[in-house]
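# Observations on chain architecture
Residues per chain are reported as follows:
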Amino acid sequence: MKPKILITRHFFPELVSRLQMYFEVDNHGSNEGLPPAELKARLADKAGLLLSVADPLPADIIAAAPHLRAACNVGVGYNNIDVAACTKAGIAVTNTPDVLTETTADLAWALLMSVARRLPMAERWLREGQWGAWRYDLWLGTDVHDATLGIIGMGRIGQAVARRAMGFGMKTIYHNRTRLAGEMEAKYQASWVTKDTLLREADFVLLLLPYSPTVHHYIGEAELRLMKPTAHLVNVARGGIVDDAALITALRERRLCGAGVDVFEGEPKFNPDFLTLDNVVLTPHIGSASKQARMAMGMRAVDNLIAALTGERPRDCVNPEVLQ
Ligand code: DGY
């Protein structure tokens, strides 16, 4: 008898058919997540779970899944999963690193460029038929080349962004819990600085750190007040790292020039005051949303699930102690 698994969302059909070769698949197949009570009920007899970063897996649901042996996230972040509770229950948790690094760095760069040069605002204005005459001061933005880029979170994606910055002749400073080795700093022409120095000096502050409760509101009013009024903030990391209300106030009071925001507190709901601002570019958590990256992420999660339930070592286990 094939092990039973649950798929919580609509994913590409290629993922589902591959899983069906190995497992008896209960495919929710919808873009709407399962309500907690239904998730509990459908997990009760399952050995495996393929889930998205938008599907919370808290301790009470884990406790109601006595047969569960693997929870495989389609995403590099896994703050939606109570990993400690999974570890206690002997459930392997996996994520999908690497395959979305360059794609997410591309989106970070696109947001940075968009807000610096005010592309969506200028485009909207043109579409509205407001372009009457050439103007010397039409839609003036901020130069990206030669500016100082401050990267907070210098992991894989941070490093991919630093590489892009070299092509723009930028000075790159970064802040990270652990400092990169000297040869890596030389490779990316990046210097480690304190968080406060980075916030004070950077023209563009890019957030790329993973979410955990310790970095909740890592950027709040006090941090925003350290930034230059000419500076821009770009968040492609996770909602909750920035205090969105404080960001909105700083943007409204022009204490900050602009922001690019891909992730929000409480998403898919977000603070509606963002919509009243003309100095912010908003995107709906699409950092890794290229066809290629999403297929690669899905397949990597599928590989992890197959490995975990067929006695192999899943490649991306974030709690390897359960595999002992
Ligand atoms: C991730 O992989 O964590 C992304 O945020 C999902 O797109």
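For the structure, see preceding data.
Residues numbered from 1 in each chain as written. Predicted model: local features only at pLDDT ≥ 70, side-chain atom pairs only at ≥ 80, totals over all residues. Heavy atoms only, no water.

### Let's talk about the site of the ligand
- Taken together, Val53, Gly75, Val76, Gly77, Leu100, Arg238, His285, Ser288, Arg294 and Met297 make up the full set of residues adjacent to the ligand.
- Between the ligand and arginine 238, the relevant distance is 2.7 Å, taken from an oxygen atom to a side-chain nitrogen or oxygen of the residue.
- In this structure, arginine 294 approaches the ligand through a side-chain N or O atom, which is 3.3 Å from an oxygen atom.
- The fraction of the free accessible surface of the ligand (230 Å²) that becomes covered by protein chains is 90%. (Near = heavy atom within 4 Å. Polar contact = N/O pair within 3.5 Å; in protein donor to acceptor, adjacent residues only side chain to side chain. Areas by Shrake-Rupley, 256 points an atom, 1.4 Å probe, with all protein chains shown as cover.)

### Here we look at the environment of asparagine 304
- By the secondary structure assignment, asparagine 304 is in helix α12 (residues 291-309).
- The exposure class of asparagine 304 is buried, given its relative accessible area of 1%.
- In the structure, asparagine 304 is positioned 181 residues away from glutamate 123 in sequence and 43 Å away in space, judged by C-alpha atoms.
- When neighbours within four sequence positions are excluded, asparagine 304 is seen to be in contact with Cys72, Thr94, Asn95, Pro314, Arg315 and Asp316.
- A polar contact of 3.2 Å, which involves the side chain of asparagine 304, links it to the backbone oxygen of asparagine 95.
- Only 3.0 Å separates the side chain of asparagine 304 from the side chain of aspartate 316, close enough to count as a polar contact. (Helix = DSSP H or I, 4+ residues; strand = E, 2+ residues; numbered from the N terminus. Buried < 20%, exposed > 50% of the residue type's maximum accessible area, 1.4 Å probe, protein only. Contact = heavy atoms within 4.5 Å.)

### A closer look at a nonpolar patch on the surface
- A surface patch of nonpolar side chains, about 260 Å² in accessible area, is lined by Phe270, Leu275 and Leu282.
- With respect to the helices and strands, the residue phenylalanine 270 is situated in the loop between β11 (258-261) and β12 (280-282). (Patch = residues over 30% accessible without salt bridge, like charges linked within 9 Å, V, L, I, M, F, W, Y side chains within 5 Å. Salt bridge = Lys/Arg side-chain N within 4 Å of Asp/Glu carboxyl O.)

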